[in-house]
Amino acid sequence: AGLQQHYHVYAALERALETTPTLEGVYRQDQSRLEHVRADLTFFGAEPNAELLEASNAIIALFNRFAAEDPLALLGAFYVFEGSRLGSSVLYLHLSRALDVDPAPGNGLDMHMGGLATLGRDFKRLLEILERFAEDDEQTEAIVAGAESTFRALRDLYAALPAD
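This report concerns the structure included in the present document.

Calculation rules
Residues numbered from 1 in each chain as written. Predicted model: local features only at pLDDT ≥ 70, side-chain atom pairs only at ≥ 80, totals over all residues. Heavy atoms only, no water. Helix = DSSP H or I, 4+ residues; strand = E, 2+ residues; numbered from the N terminus. Expected span 1.5 Å × (residues − 1). Buried < 20%, exposed > 50% of the residue type's maximum accessible area, 1.4 Å probe, protein only. Contact = heavy atoms within 4.5 Å. Polar contact = N/O pair within 3.5 Å; in protein donor to acceptor, adjacent residues only side chain to side chain. Phe/Tyr/Trp six-rings, centres within 6.5 Å; stacked < 30°, edge-to-face > 60°. Axes fitted to C-alpha atoms, helices over the stretch in contact; angles between N-to-C directions. Parallel < 35°, antiparallel > 145°, perpendicular 65-115°, else oblique. Left-handed = near helix turned anticlockwise from the far one by under 90°. Salt bridge = Lys/Arg side-chain N within 4 Å of Asp/Glu carboxyl O.

### So, helix 7 (residues 137-160)
An α-helix turns once per 3.6 residues; consequently, residues spaced three or four apart project the same way.
Here's step 1: Taking 1.5 Å per residue, 24 residues should reach 34 Å; helix 7 reaches 34 Å between its end C-alpha atoms and fits that length.
Here's step 2: Looking only at helix 7, the buried set comprises Ala 142, Ile 143, Gly 146, Ala 147, Ser 149, Thr 150, Ala 153, Leu 154 and Leu 157.
Here's step 3: Packed against the buried residues of helix 7 are helix 1 (2-19), helix 3 (54-69), helix 4 (71-99) and helix 6 (119-133).
Here's step 4: Of the residues flanking the start of helix 7, the one acting as N-cap is Asp 136, its side-chain oxygen 3.1 Å from the backbone nitrogen of Glu 138.

In structure tokens form, the structure reads like this:
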């Protein structure tokens, strides 16, 4: 259930980043997580077309609001997801042991392994982008507020996921 929700949340974030004129060039298509999440869903016998939880809809609405009203907050959201991607790159070997699968694409770990070759460079690029957009305290606060709102919304999503 969590992967299905994440698929839609990632899709909304990527769409917002791609279509927000102020952020043109910040997000690159090769950073997309959707194909990796889709591969994991396939491995686990699930489809991305699950009914969205209220918490997922709230995150999607948050991203849409950021895109329309406060693009710098959307950068904060992107930072949260890219930081999560960086962290999950450390976990994939442990997850492979827990799942008793080889740490290879197609074994339910694609979301964690996708883009490993460019991950460090991508995150460094994001930090440089954040510095470029955070020209003063107000802009920095908008980015941080977006990250904080995203963390809270994700906490709500994780709390809403079924235990199974």
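Past the structure itself, the notes keep going.
### What to know about the packing of aromatic side chains
Here's step 1: Under the counting rule described, the total for this entry stands at five aromatic pairs.
Here's step 2: Judged by centre distance (5.9 Å) and plane angle (40°), the ring pair of Tyr 79 and Phe 123 falls under tilted. With Tyr 79 in helix 4 and Phe 123 in helix 6, this pair connects stretches of sequence that are 44 residues apart.
Here's step 3: Assessed through its relative accessible area of 34%, Tyr 79 is described here as partly exposed.
Here's step 4: Given the relative accessible area of 13%, Phe 123 is considered buried.
Here's step 5: By the ring-pair criterion, three or more aromatic residues cluster together here, those being Tyr 10, Phe 63 and Phe 81.

### Quick notes on the side chain of Gln 31
Here's step 1: With respect to the secondary-structure elements, Gln 31 resides in the loop between helix 1 and helix 2 (34-43).
Here's step 2: Exposure remark for Gln 31: the relative accessible area of 2% places this residue in the buried category.
Here's step 3: Side-chain polar atoms of Gln 31 contact the backbone nitrogen of Arg 28, separated by 2.8 Å.

### Here's the deal with the side chain of Asp 122
Here's step 1: Structurally, Asp 122 is set in helix 6.
Here's step 2: Side-chain polar atoms of Asp 122 contact the side chain of Arg 28, separated by 2.8 Å.
Here's step 3: One polar contact links Asp 122 to Arg 85, side chain to side chain, over a distance of 3.4 Å.
Here's step 4: When near neighbours in sequence (up to four residues on either side) are disregarded, Asp 122 contacts Arg 28, Gln 31, Glu 82 and Arg 85.

### Describing unusual backbone geometry
Here's step 1: With phi around 55°, Asp 100 is a residue other than glycine that occupies positive phi space.
Here's step 2: Structurally, the position occupied by Asp 100 is in the loop between helix 4 and helix 5 (110-113).

### A short note on the packing of helix 1 against helix 2
Here's step 1: As a packed pair, helix 1 and helix 2 sit with axes 10 Å apart at the nearest point and diverge in direction by 165°. Our classification of the angle between helix 1 and helix 2 gives roughly antiparallel. Crossing angle aside, the handedness with which helix 1 passes helix 2 is left-handed. Here helix 1 contributes Leu 3, Gln 4, Tyr 7, Tyr 10, Ala 11 and Glu 14 to the contact with helix 2, which in turn contributes Leu 34, Val 37, Arg 38, Asp 40 and Leu 41.

### Side note on the pattern of salt bridges
Here's step 1: Considering all chains together, one arrives at five salt bridges under this definition.
Here's step 2: A salt bridge links Asp 122 to Arg 85, with the nearest nitrogen and oxygen atoms 3.4 Å apart. Separated by 37 residues along the polypeptide, Asp 122 in helix 6 and Arg 85 in helix 4 bring together distant segments of the chain. In terms of burial, Asp 122 and Arg 85 fall into one category: buried.
Here's step 3: Asp 156 serves as the salt-bridge partner of Arg 155, at 3.3 Å between the closest nitrogen and oxygen.

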